[in-house]
Amino acid sequence: MPYDASSDETDDALLARYATGDAAAARALTARLTPRVYGHAYRLLGDRAEAEDVTQEALLRLWRIAPNWREGEAKVSTWLYRVTANLCTDRVRRKRPSGMEDMPEMADDGPGADSAMQERARADALQSALHDLPDRQRQAVVLRHIEELGTPEIAAIMDIGPRAVESLVARGKRALAEILRGRKDELGYTDD
Amino acid sequence: MTDKRTEDMLDTYFTAARDDAPLPSGDFMARMQAMALAEQPVRQVDTPAPSWWQQILSGIGGWPAIAGLAAATVAGVWIGAVPPEAMSDSVSDLFGVSAGLYDSSGSFADPLSGFDLAFSEG
């Protein structure tokens, strides 16, 4: 069964129905938003249990604000990304990760490793490298290149101007490239 | 700015990360759904506004009150048309006229006969 059963309805419309007590809207919205929030929280935190906690808290806030939600004023997804990022930032500040300690195990099968494993190793390496970025750069890079959002929406989520978004993304990518080049040998594959 | 070669390298990582999207477990999804339903406002049932007749009815106390009013009206009309003996005497004593449609001799008495006369005289 697909997670998202009402894909033709906007988040706003579903949230309005949720606020009137429509159980089907509650199920559809949960199915649609939970993976999105969880995925974003995981990208920012690198920890599944913590991503679950953040997802729960972010969605709880959404359900409680639903009766007062003014349709068309803000996008539900923008609001959720912002709340999720703020919750993640709070957690990161409380418990600054030690970086390499949380780093996933690198693939050690050498150049002959099959492509699926190599893809997985790349994903893990990127996740690890993201953790070495400053919070705001990490958030900007994840929103642009993993969530694939446009500059205006990222600017709204991060509450900054479009130029600041571009600057954060550019600096984040430069730093990521350096980190990943430094670890390339450990991964045992080439990027070509 | 990052150069083309660096961009390409990063793209392979971003693509791999998007393809390897972390998904919540089924158990977690079920918990989130339960939470959404538990937090949901109770559905408001739309009830039509009561009609003017229903408003009057509820204002005077509903159907039991209507039954009481009807009984009192019938009793009043009945007492007016055929008053009991005691009441007939007391009305006669007070006003010097007989109450009811029948006088003490038992014949019909028109209560508006005087009016007819005055009206016909102009």
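Residues numbered from 1 in each chain as written. Chains lettered and ligands numbered in written order. Predicted model: local features only at pLDDT ≥ 70, side-chain atom pairs only at ≥ 80, totals over all residues. Heavy atoms only, no water.

An unreviewed UniProt entry annotates chain B as Dihydroorotate dehydrogenase of Pseudoprimorskyibacter insulae.

Under an unreviewed UniProt entry, the name given to chain A is ECF RNA polymerase sigma factor SigW, and the organism recorded is Pseudoprimorskyibacter insulae. Quoted verbatim from the Sequence similarities (unreviewed entry) field of UniProt, the annotation for chain A is "Belongs to the sigma-70 factor family. ECF subfamily." (UniProt positions renumbered as here; feature names shortened; annotations may be inferred.)

(A) Quick peek at the overall build of chain A. Looking only at helices and strands, chain A features eight helices and zero strands. For chain A, the α and β elements follow one another from N to C terminus as α-α-α-α-α-α-α-α. Considering only contacts within chain A whose residues lie at least 6 apart along the sequence, 64% involve residues at least 24 apart. (Helix = DSSP H or I, 4+ residues; strand = E, 2+ residues; numbered from the N terminus. Contact = heavy atoms within 4.5 Å.)

(B) Broad picture of the interface of chain A and chain B. At the interface, 48 residues of chain A touch 34 residues of chain B. Here chain A packs against chain B, burying approximately 3700 Å² in sum over the two surfaces, 63% of which is carbon and sulfur. For the pair chain A and chain B, the interface holds five salt bridges. Taking the shortest distance from any N to any O, the salt bridge between B:Asp20 and A:Arg120 comes out at 3.3 Å. Summed over the shared surface of chain A and chain B, the result is 10 residue pairs in polar contact (both at pLDDT 80 or more). Put simply, the parts of the chain that give the side of chain A that touches chain B at least two residues each are α1 (11-19), α2 (23-45), α3 (48-65), α5 (115-130), α6 (135-146) and α8 (162-187) of chain A. Broken down by element, the residue count for the side of chain A that touches chain B peaks at 11 residues, all from α2(A). (Buried area = accessible area lost by both parts, 1.4 Å probe. Salt bridge = Lys/Arg side-chain N within 4 Å of Asp/Glu carboxyl O. Polar contact = N/O pair within 3.5 Å; in protein donor to acceptor, adjacent residues only side chain to side chain.)

(C) The arrangement of helix α1 (residues 4-19) of chain B in detail. Residues and elements named next belong to chain B. Compared with an ideal rise of 1.5 Å per residue, which puts 16 residues at 22 Å, α1 spans 22 Å between its outermost C-alpha atoms and is within 8% of the ideal. Among all positions in α1, only Thr-6, Met-9, Leu-10, Tyr-13, Phe-14, Ala-16 and Ala-17 are buried. Projected down its long axis, α1 carries its buried residues within an arc of 160°, all on one side. Along α1, exposed side chains directed more than 90 degrees from the buried face belong to Lys-4, Arg-5 and Asp-19. Measuring from the backbone nitrogen of Arg-5 back to the side-chain oxygen at the start of α1 gives 3.2 Å, which picks out Asp-3 as the cap. (Expected span 1.5 Å × (residues − 1). Buried < 20%, exposed > 50% of the residue type's maximum accessible area, 1.4 Å probe, protein only. Arc of directions from axis to C-beta.)

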